Structure formats: C-alpha cells, structure tokens
Amino acid sequence: NAGVTQTPKFQVLKTGQSMTLQCAQDMNHNSMYWYRQDPGMGLRLIYYSASEGTTDKGEVPNGYNVSRLNKREFSLRLESAAPSQTSVYFCASSPDRGRGAFFGQGTRLTVV
Amino acid sequence: GEDVEQSLFLSVREGDSSVINCTYTDSSSTYLYWYKQEPGAGLQLLTYIFSNMDMKQDQRLTVLLNKKDKHLSLRIADTQTGDSAIYFCAESISGRNGGSQGNLIFGKGTKLSVKP
C-alpha cells in the first residue's frame, strides 16, 4: 500500500523552464491538495481538488496550474519557473473532512 | 482570515513531558490536527480532535482543546529522542464548495528537540 506517491523527489530547474510534478494516491480519496513548504512559513496551500474534475485555488496559486487527471492523480505544473518557486512541494489526499490528510514524501525543487 | 499560531521551538530532556501549544482563529473549525515531520520526510498525521471534545488520549499523546480560548495543546508523555521532529498544528476550514471537503490551515510548526 503506497499511499501518496510523488515524483520526482528532487529537481533542479533553470529560470524559465517548465515542469510538472506528479502525484498519485491509491487510497480512493476524493480530495487532493498541493502545498509548498518554505523555511519559517509552514505549509501553504497552492491548489486543491475536492473531487475528480474540480480544482480550486488555495492561498498561493500564482505561477502554478493543476490538473486532476482522474481520481488517483493530481499534477502541479510550473509553466515558467522562477527562483521564488524554490521550495519543497507536498501532495496530500483525504477521504472526507475530519479524517485529516495523508502526505507524500515531498519534491525538493530548486530554481536557479 | 484564518491563522494558526505556534511557538517555534521547544527543548526538553528525555523522559520529561513535552507540551506543544497552538492557537487558531476560525471558530467554525470542526476538526483540529497534529502532524509530525521528521527531517527530509513528509507530514505524518499523529492525531486529531473533534471540536465538541475537550480531550483525547492516544497512548503517550494527549490532546487538550479549549474551544472558548481557541487553544489546542499536544502533550507527549515520557518524551524520547525519537520524538525529535517538527510538530504542526492544523485546523480544518470549510471548502469553497462546502460539503465534506475541508482545507487544512497549518501553523508554522514547533521544532521539538529532545536532549538525552
């Protein structure tokens, strides 16, 4: 039982490059989330998806796009990476409100 | 807006109890959570409490909730070196579409250091 799987685990990009962070969960959860974690800032919500086919902006959506491909997969795309997007990105999923969210191991992204 | 506040650091000796405190602002929060993050890892859900409860105990962990003061605490009994980590408090707020989906708002985390 893998839980929430993120790929890649590490990535270095040059400013202006694009990339997609992949996330998949095998727990049949309805809701999925993308967070970024920066030193001293805690976790901030980028986008979330309450169910297949729906996505909504979180606290810090600028510079990102998402796709809820199906119930299992929720991807995060950086169209033109900037150094300010250097961060650790976490994908999470949850079955319903109240049961908490389960996190992947994170993607450590550096934009130079 | 919603905000969750925690102290940033806590240092205890092995075998002592640790108490990590948190305050939140959204009075409509129905669930509050504690997560643990070890270095280089994702967040692990430790425990949660429903807002109509005052206390929840799970082995060495005790969660206390004062809803009037919007104060949440996590007590770790007999703290061990393996408990060294960052602990995040989080509240569940209503999603834009309502229903059962709830977004989590996190505090900045409390780094617990356990000295032998």
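Residues numbered from 1 in each chain as written. Chains lettered and ligands numbered in written order. Predicted model: local features only at pLDDT ≥ 70, side-chain atom pairs only at ≥ 80, totals over all residues. Heavy atoms only, no water.

A closer look at the pattern of salt bridges
Residue and element names in this part refer to chain B.
Next up, step 1: In this structure the tally under the stated criterion is six salt bridges over all chains.
Next up, step 2: One salt bridge connects Arg60 with Asp83, and the closest N-O pair in it is separated by 2.9 Å. Remark: Asp83 occurs in the loop between strand S8 (71–76) and strand S9 (85–94) and Arg60 occurs in the loop between strand S6 (55–58) and strand S7 (61–66); sequence separation between them is 23 residues.
Next up, step 3: Linking Lys68 and Asp69 is a salt bridge whose minimum nitrogen-to-oxygen distance equals 3.7 Å. (Salt bridge = Lys/Arg side-chain N within 4 Å of Asp/Glu carboxyl O. Helix = DSSP H or I, 4+ residues; strand = E, 2+ residues; numbered from the N terminus.)

A word on unusual backbone geometry
Next up, step 1: The step from A:Thr7 to A:Pro8 runs through a cis peptide bond, and the omega angle for that step is -5°.
Next up, step 2: By secondary structure assignment, the location of A:Pro8 is in the loop between strand S1 (4–7) and strand S2 (10–13).
Next up, step 3: If you check the backbone angles, B:Lys70 has positive phi at about 55° while not being a glycine.
Next up, step 4: Positionally, B:Lys70 belongs in the loop between S7 and S8.

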